[in-house]
Amino acid sequence: MKVANFKTRINQWIKDHREEGTDLLQRLVQAPSTQGNEAGAQAIVAQKIREMGLQVDIWEPDGGELKKHPYFYSPRSEFSNSHNVVGVMKGTGGGRSIILNGHIDVVPDGDRNQWDDDPYSGAIKDGKMFGRGVTDMKGGNVSLILAIQALKENGIQLKGDVIFQSVIEEESGGAGTLAAVLRGYKADAALIPEPTNMRIFPKQQGSMWFRVLVKGRSAHGGTRYEGVSAIEKSMTVINHIRALEEKRNARIRDPLYRNTPIPIPINLGVIEGGNWPSSVPDLVKMEGRMGVEPEETMEQAKNEMAEWLLKIKEVDEWFKDHPPVLEWFGARWVPGAIDVEHELMNTLVNQFREVAGQDPVIEASPWGTDGGLLTHVGETPSIVFGPGVTEVAHYPNEYILLDHVFTTAEIIALALIQWCGMEPLQDEQDAVLASNEDK
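An account of the accompanying structure is given in this report.

Cut-offs and rules
Residues numbered from 1 in each chain as written. Predicted model: local features only at pLDDT ≥ 70, side-chain atom pairs only at ≥ 80, totals over all residues. Heavy atoms only, no water. Helix = DSSP H or I, 4+ residues; strand = E, 2+ residues; numbered from the N terminus. Rg over C-alpha atoms; globule rule 2.2 N^0.38 Å. Buried < 20%, exposed > 50% of the residue type's maximum accessible area, 1.4 Å probe, protein only. Contact = heavy atoms within 4.5 Å. Areas by Shrake-Rupley, 256 points an atom, 1.4 Å probe, with all protein chains shown as cover. Lys, Arg positive; Asp, Glu negative; His and termini not counted. Charge placed at Lys NZ, Arg CZ, Asp CG, Glu CD. Pairing = 2+ DSSP bridges. Axes fitted to C-alpha atoms, helices over the stretch in contact; angles between N-to-C directions.

Points about the overall build of the protein chain
Okay, step 1: Helix and strand counts for the protein chain stand at 13 helices and 16 strands.
Okay, step 2: For 439 residues, the compact-globule estimate of 2.2 N^0.38 gives 22 Å, and the protein chain sits close to it at 25 Å.
Okay, step 3: Its C-alpha atoms give the protein chain principal-axis dimensions of about 105 × 45 × 45 Å.
Okay, step 4: Here the protein chain holds 439 residues, and the buried ones make up 54% of them.
Okay, step 5: A separation threshold of at least 6 residues defines the contact pool for the protein chain, and within that pool the share at least 24 residues apart is 83%.
Okay, step 6: With the model as given, the accessible surface of the protein chain reaches about 19,000 Å², and the carbon-plus-sulfur share is 47%.
Okay, step 7: The distance from the centre of the 44 positive side-chain charges to the centre of the 63 negative ones in the protein chain is 3 Å.

Thoughts on the sheet that holds strand E10 (residues 266-273)
Whenever strands of a sheet pair, they do so through backbone hydrogen bonds, lying parallel or antiparallel.
Okay, step 1: Ordered by their spatial adjacency, four strands build an open sheet running E10-E11-E9-E12, and the pairing between neighbours is antiparallel. Strand pairing shows two members of the sheet lacking a second neighbour, E10 and strand E12 (325-333), which therefore form its edges. With strand direction ignored, the average angle separating the axes of adjacent strands in the sheet is 20°.
Okay, step 2: With 10 bridges connecting them, strand E9 (residues 206-215) and strand E11 (residues 283-292) associate as antiparallel partners.

Here it is, written out as structure tokens:
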């Protein structure tokens, strides 16, 4: 069989299995998988990959083991009823391996009054499927499954191993992927189908949560001039942090960020202060998220924030004796980057052109993913590429374009062949045998 023929066969298989793929995605969306409730959706995934003949590994991550790792974070310490699911399609040998990593957990649905349909309906309208998690990132997971299934059902044997991972906990820091790494899953490269709107991200921003305590001096509200308002001083701190954000972003010259207004934002998401309307507040707590450059370490970012806050005494003398207190807590996503000329990048770009008939958009991710963990902890260089509209992830009426799910599946299937290597198809082997017999 000629190369053109197996590409045509995969394209036709994807077209013939649209209904099956749509049904799988709808069933996954209809199985709510917020944190702690992933079991139902993971059962669907496990059943599907068993039917496909993959070697299946299912386990609950060990919270005690994970706690020992410096990159672990989760708001919970044990994971009963929350399983990782891994399926391995073994290669024949001699090819490059790949991890296909997708998270099954979704964020809460929020105010249901803002949804046109039930958040877990999987409603289909005008070529779109709606529901919490459909774009972030169950649609991408289905693309992975369809890509593998298309290869298997067309009799295509790869030389390298394909390791499919459906993991928990990405939305809260990556404990599921970290658990898979610690279980021994590594490969020559990895692909994560987060909702990039079919853009290719060789670089992923990291992020981490921080807390700043701003001190004041309490007094009666009637004589507030005798006190120092921590709320008013916190405004100075906010402006100082905003100046740090401007400073950090001004030095970024990476062309992959040319379409991103603020490549590595510093966001303040929580402010709490004061305890009585008639008292001058003496303490304000601010919590936020600090973006980390793909090539920057988290320690470097932490140190820059700490040193910058020390300089606030040059802005306001109050802070000489009452410096802000900086703390690091909670979730963090490890930054990651691979060379834009990495062989998997070239493979993905080539197959995107083959299927889509145009050049892909190549950018850096504006948010964190599990790619940093795979790249740095798992020693598996990672690329993020998938279907799904970034701008509707975590929003009411989240949706995905179904065409993109299937186009992505076709691109990934062809990329797996090029990356892992392919054994001669049975048609080709039969043709060789017949030719030898004729001789």
